[in-house]
Amino acid sequence: MAKKRILIAKPGLDGHDRGAKYVARALKDAGYEVIYTGIRQTPEAIVSTAIQEDVDFIGLSLLSGAHNELFPRVVELLDNKGAEDIIVFGGGVIPIDDFDYLKSKGVKAIFTPGAQIKDIIDFIELQN
Amino acid sequence: MINCCIRKIFPEIENLSNGLIKGDTRSIAKALSVVENCRDKGELLINRIFLETGKSSVWGVTGPPGSGKSSLVDKLIEKERSLSRKVAVIAVDPTSPFSGGALLGDRLRMQSHATDPGVFIRSMASRGRLGGLSNASFDAVKIFDAAGFNTVIIETVGVGQSEIEIVELSDLVILVLAPGMGDDIQAMKAGIMEIGDIFVVNKKDKDGAEKMKTEIEYALSLKEGHHKGDRSNVVMTSAKSGEGTDMLHREICDQVKLSSSSGGLRERKLRNTKKEIERIFNMKISELFYEKGVMSSKIEQAAVEIQNKSMSPYEFVGKEISLFKGANK
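To keep things clear, this report deals only with the structure shown in the data block. What you see is a predicted model, and the numbers here were worked out from it, not measured in a lab.

**A look at the sheet that holds strand S4 (residues 87-92) of chain A**
Piece 1. The six strands are arranged S5(A)-S4(A)-S3(A)-S1(A)-S2(A)-S3(B) in an open sheet whose pairing can be described as parallel. Edge strands, defined here as strands with exactly one partner in the open sheet, are strand S5 (109-111) of chain A together with strand S3 (102-104) of chain B. Mean inter-strand twist for the sheet, computed between neighbouring axes without regard to direction, equals 20°.
Piece 2. Sheet analysis places strand S1 (residues 5-9) of chain A next to strand S2 (residues 33-36) of chain A, joined by four bridges and oriented parallel. The residue of S2 of chain A that forms the bridge with Arg-5 of chain A is Glu-33 of chain A.

So, in structure tokens, the structure goes:
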């Protein structure tokens, strides 16, 4: 049976990886195969990794404020490579005012501090 | 003839095969998922690409958790790329026996190669297999081979003493150890210490590294076929600083060259193919037994009877096997 595969990646220059690691671990405990690539990844590296690993989801974590640039860039690069089927969601310190913009750019969901892991799992399970 | 049928039934497999033989990244990635997730289609795919395999040099990297396997692989990729060789890496990490999930973190140490088109890294979860690999690792090597990668490196899960399947999948095994993990008796034990073609004492700047090298060399000198004055195949490295990794790479290349010219490699490949046939046989035979789902309920019932001493486990299994034979006459 196919297991869902999820890439948890941190674009941008901040080193706050606690949230990303927590989510990676929790998703492992929920039965998914999670690939974790560490901090300071370029959108190019993230997309190339996602394609090689044939993941179903990319979860991006960012706390430096550059989400409006970097999240859409990941979606755009996926499109360019014909991998628009990979679902992108995001997390970190992201102002609620930016949600609409990010969603219009193809980021499917945003989880901010305080989000429950159950909500992330529900989101994953709802996608097909 | 067979290929012609496959084309009709599974255009998807045909497309993937053609794509991966051309080296198309997405096709390779999808093909790897097919052999991981769908045995029937995976078999067709391997049959289809089989003629294209047999060209890659296949290196196994194994050793205990935290000894520095991934960081060393990162350095080996670098060396191979400097020779313009295309490199594929299969990095296996354990699947949780409780949740079925896995946290695949090996490639974290190799991300400097993420955008190099000559490098393909794939993380795999062991999915219940206990020998240090996953079931799909065997087919994954063939896919990378057919896709034209010069070198395929397989990094096993962090192993203990007896996970030695890697020897059946590789042309040469690099055993990575680090100081602080036991005395000279550990180096003489059976199992993992017997499968290394090259031994690496990583974290060479740590206390006890020199001593460990001496102990391993001594243990190896007791092996049959060892001659006094034979060159040492123990290399000291620091994957972090890169120290010693040139020497490790040279040692690997030398051994590969030597074993292909001496005929040792051909013998090893033949031995590994025999093992592979046995492995597939075992897998298919046990599937035959379990296929209709009746066996698990029978086992449950028998367990109670065996606990009550109304029969021995051998009697139960013997009875089931004669029933199976009878049914297949």
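Here the narrative resumes, following the displayed structure.
**Comments concerning the environment of Ser-238 of chain B**
Residues and elements named next belong to chain B.
Piece 1. Inspection of the secondary structure puts Ser-238 in the loop between strand S8 (234-236) and helix H8 (245-262).
Piece 2. Each C-alpha atom of the pair Ser-238 and Ile-49 lies 39 Å from the other, and the pair is 189 residues apart in sequence.
Piece 3. A polar contact is formed between the side chain of Ser-238 and the side chain of Ser-241, at a distance of 3.2 Å.

**A few points about the pattern of salt bridges**
Piece 1. Using the criterion set out here, one finds 37 salt bridges over all chains in the structure.
Piece 2. Between Arg-127 of chain B and Glu-36 of chain B there is a salt bridge, with the nearest N and O atoms lying 3.9 Å from each other. Placement of the pair is Arg-127 of chain B in the loop between strand S4 (119-125) and helix H6 (137-146) and Glu-36 of chain B in helix H3 (residues 25-37), with a sequence separation of 91 residues.
Piece 3. Residue classification places Glu-36 of chain B among the buried positions, given a relative accessible area of 13%.
Piece 4. In this structure, Glu-217 of chain B and Lys-213 of chain B form a salt bridge, with 3.1 Å as the shortest nitrogen-oxygen distance. Of this pair, Glu-217 of chain B and Lys-213 of chain B are both found in helix H7 (residues 209-221), four residues apart, which corresponds to roughly one turn of the helix.
Piece 5. One salt-bridge network, in which partners are shared between bridges, spans Arg-5, Glu-33 and Glu-53 of chain A together with Glu-36, Arg-107, Arg-122 and Arg-127 of chain B.

**So, the sheet that holds S4 of chain B**
What holds strands together in a sheet is hydrogen bonding between their backbones, with the strands either parallel or antiparallel.
Residues and elements named next belong to chain B.
Piece 1. The seven strands lie next to each other as S4-S2-S5-S1-S6-S7-S8, forming an open sheet whose pairing is parallel. Only two strands of the sheet have a single neighbouring strand rather than two, namely S4 and S8. The mean angle between the axes of side-by-side strands here comes to 20°, regardless of whether they run parallel or antiparallel.
Piece 2. In this structure, strand S2 (residues 87-93) lies alongside S4, joined through seven bridges in parallel fashion. Counterpart to Val-87 in the pairing with S4 is Val-119.
Piece 3. Packing against the sheet, helix H5 (residues 69-82) makes contact with strand S1 (57-62), S2, S4, strand S5 (151-155), strand S6 (172-177) and strand S7 (198-201), and its axis sits at approximately 175° to S5.

**Regarding the interface of chain A and chain B**
Piece 1. Across the contact, 28 residues belong to chain A and 26 residues belong to chain B.
Piece 2. Summed over both sides, the interface of chain A with chain B buries roughly 2300 Å², with 46% coming from carbon and sulfur.
Piece 3. Applying the counting rule to chain A against chain B returns six salt bridges.
Piece 4. Arg-107 of chain B is the salt-bridge partner of Glu-53 of chain A, the closest N and O atoms lying 2.7 Å from each other.
Piece 5. Here chain A is connected to chain B by 22 residue pairs in polar contact (both at pLDDT 80 or more).
Piece 6. Where the side of chain A that touches chain B is concerned, the elements lending two or more residues are helix H1 (18-29), S2 and helix H2 (43-52) of chain A.
Piece 7. Considering every element that reaches the side of chain A that touches chain B, the biggest residue donor is H2 of chain A, with six residues.
Piece 8. Along the lines of polarity and charge, the residues of the side of chain A that touches chain B split into eleven nonpolar, eight polar and nine charged.

**Quick word on the side chain of Ser-126 of chain B**
Piece 1. Residue placement: Ser-126 of chain B occurs in the loop between S4 and H6.
Piece 2. Those residues in contact with Ser-126 of chain B, other than ones at most four positions away along the chain, are Val-92, Asp-93, Pro-94, Thr-95, Leu-133, Ser-134 and Val-157 of chain B.

What counts as what
- Residues numbered from 1 in each chain as written.
- Chains lettered and ligands numbered in written order.
- Predicted model: local features only at pLDDT ≥ 70, side-chain atom pairs only at ≥ 80, totals over all residues.
- Heavy atoms only, no water.
- Pairing = 2+ DSSP bridges.
- Helix = DSSP H or I, 4+ residues; strand = E, 2+ residues; numbered from the N terminus.
- Axes fitted to C-alpha atoms, helices over the stretch in contact; angles between N-to-C directions.
- Polar contact = N/O pair within 3.5 Å; in protein donor to acceptor, adjacent residues only side chain to side chain.
- Salt bridge = Lys/Arg side-chain N within 4 Å of Asp/Glu carboxyl O.
- Buried < 20%, exposed > 50% of the residue type's maximum accessible area, 1.4 Å probe, protein only.
- Contact = heavy atoms within 4.5 Å.
- Buried area = accessible area lost by both parts, 1.4 Å probe.
- Nonpolar A, V, L, I, M, F, W, Y, C, P; charged D, E, K, R; others polar.

Spatial relationships are all this shows, so hold off on functional conclusions.
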